[in-house]
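# An overview of the molecular structure
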Amino acid sequence: YYPTHHIRLFNDIDIQVEDKLGLEFYQMLKKHGYRILKEPNSPLIYKKKLLIDKLLIPLNSIFFKNRHHAELEKISLKDNPNIYIDLHGNLFLTKNSPKQQMITNAIEKHFKEMKIKIFTPEDNLIFLMFHSIKHIGYVNLARDNLGINLQEFYDIAQIISIENINWNEFVSTVESYDYLIPMVSLFLKIFISIYKNLIPEWVFSELQKRAKTLRFHWKT
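Here the structure is a predicted model, which means the values were calculated and not measured.

### Remarks on the sheet that holds strand β2 (residues 34-36)
The strand order across the open sheet built from four strands is β1-β4-β3-β2, with neighbouring strands paired in mixed fashion. Among the strands making up the open sheet, the edge pair consists of β1 (12-16) and β2. Direction aside, the axes of adjacent strands within the sheet are offset by 30 degrees on average. The pairing of β1 with strand β4 (residues 84-88) spans five bridges and is classified as parallel.

Structural data, given as structure tokens:
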């Protein structure tokens, strides 16, 4: 979506995998020199996850249905050591997760003589918005990659500027994923204060109406 990769700085690549293919992806990447990221100074929540990975992977059992992601780094210093791969299992971690539906709806794109599968523009926006809002909850863990960065708002703006977003479909898709409505609404509330004219005003209003019909409240 960006005209040149120099505009968008990043240090990892996110790959969404199906539950049953998670271990296969890991084994394939392992053959190419990747390993589970080890960070001795990580917050406790990551140390716990790392311990589980160390126990499960030798048993060829890394269960992606009930996990957020597995972080992998390149062993060889000949390669760029700062580019990590995040194998995402289930960002949503709920019984009614929309992940499988998003994978089913995925479309094929041509990129530098390759065919890759990505989410539909509407699902892509929903996924990125939810992912961004989810990071707010971890801001107190005090790592520089936690919280929402401005570049994540740029990503959304780039997609909207280039793709022909079907906003009716966007609203109905968010609604079909019901519990995501407040999360997406919160992101939009912040987003439209930065980019005032990229998203039609009625989109936020419609989601707000639907949010009021849910049995939902923000924990304080």
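### Brief notes about the packing of aromatic side chains
Under the defined criterion, the tally for this structure stands at six aromatic pairs. Both rings, one in tryptophan 167 and one in phenylalanine 170, keep their centres 5.3 Å apart while their planes meet at 75 degrees; by these two values the pair is edge-to-face. One end of the pair is tryptophan 167 and the other is phenylalanine 170, both in helix α6 (residues 167-176) and three residues apart, which spans about a single turn. A relative accessible area of 12% means that tryptophan 167 is categorised as buried. With a centroid separation of 6.0 Å and an interplanar angle of 20 degrees, the aromatic rings of phenylalanine 187 and phenylalanine 191 are classed as stacked. Placement of both phenylalanine 187 and phenylalanine 191 in helix α7 (residues 181-194) is noted, with a separation of four residues, approximately one turn of the helix. Residue class for phenylalanine 187 comes out buried when judged on its relative accessible area of 0%.

### Considering the pairing of strand β6 (residues 114-118)
Pairing geometry for strand β5 (residues 107-111) and β6, over five bridges, is antiparallel. The residue bridging lysine 109 from the neighbouring strand is isoleucine 116, located in β6. Linkage of β5 to β6, two consecutive antiparallel strands, is achieved through a turn of two residues, within which lysine 112 is found at a positive phi near 50 degrees.

### Side note on a nonpolar patch on the surface
A contiguous nonpolar surface patch, about 270 Å² in accessible area, is contributed by Phe111, Met114 and Ile116. Checked against the element boundaries, phenylalanine 111 lands in strand β5.

### Some points on the nonpolar core
A general trend in soluble globular proteins is that nonpolar side chains are found buried together. Counting residues in hydrophobic clusters, the biggest one holds 35 residues, and the most contacted among them are Leu125, Phe170, Val184, Leu188 and Leu207. If we ignore the near neighbours within four places in the chain, the residues touching leucine 188 are Met129, Phe170, Ile199, Val203, Phe204 and Leu207. Counting 10 residues, the second-largest nonpolar core is a separate cluster that includes Tyr26, Tyr34, Leu72 and Ile85.

### A few points about the pattern of salt bridges
Scanning all chains against the criterion turns up four salt bridges. Between glutamate 206 and lysine 209 there is a salt bridge, with its nearest N and O atoms 3.3 Å apart. With glutamate 206 and lysine 209 both in helix α8 (residues 201-212) and three residues apart, this pair spans about one turn of that helix. Judged by its relative accessible area of 52%, lysine 209 is exposed. Overlapping salt bridges bring together Glu175, Glu206, Lys209 and Arg210 as one network.

Here is what the cut-offs are and how they apply
Residues numbered from 1 in each chain as written. Predicted model: local features only at pLDDT ≥ 70, side-chain atom pairs only at ≥ 80, totals over all residues. Heavy atoms only, no water. Pairing = 2+ DSSP bridges. Helix = DSSP H or I, 4+ residues; strand = E, 2+ residues; numbered from the N terminus. Axes fitted to C-alpha atoms, helices over the stretch in contact; angles between N-to-C directions. Phe/Tyr/Trp six-rings, centres within 6.5 Å; stacked < 30°, edge-to-face > 60°. Buried < 20%, exposed > 50% of the residue type's maximum accessible area, 1.4 Å probe, protein only. Patch = residues over 30% accessible without salt bridge, like charges linked within 9 Å, V, L, I, M, F, W, Y side chains within 5 Å. Areas by Shrake-Rupley, 256 points an atom, 1.4 Å probe, with all protein chains shown as cover. Salt bridge = Lys/Arg side-chain N within 4 Å of Asp/Glu carboxyl O. Core = buried A, V, L, I, M, F, W, Y, C linked by side-chain atoms within 4.5 Å. Contact = heavy atoms within 4.5 Å.

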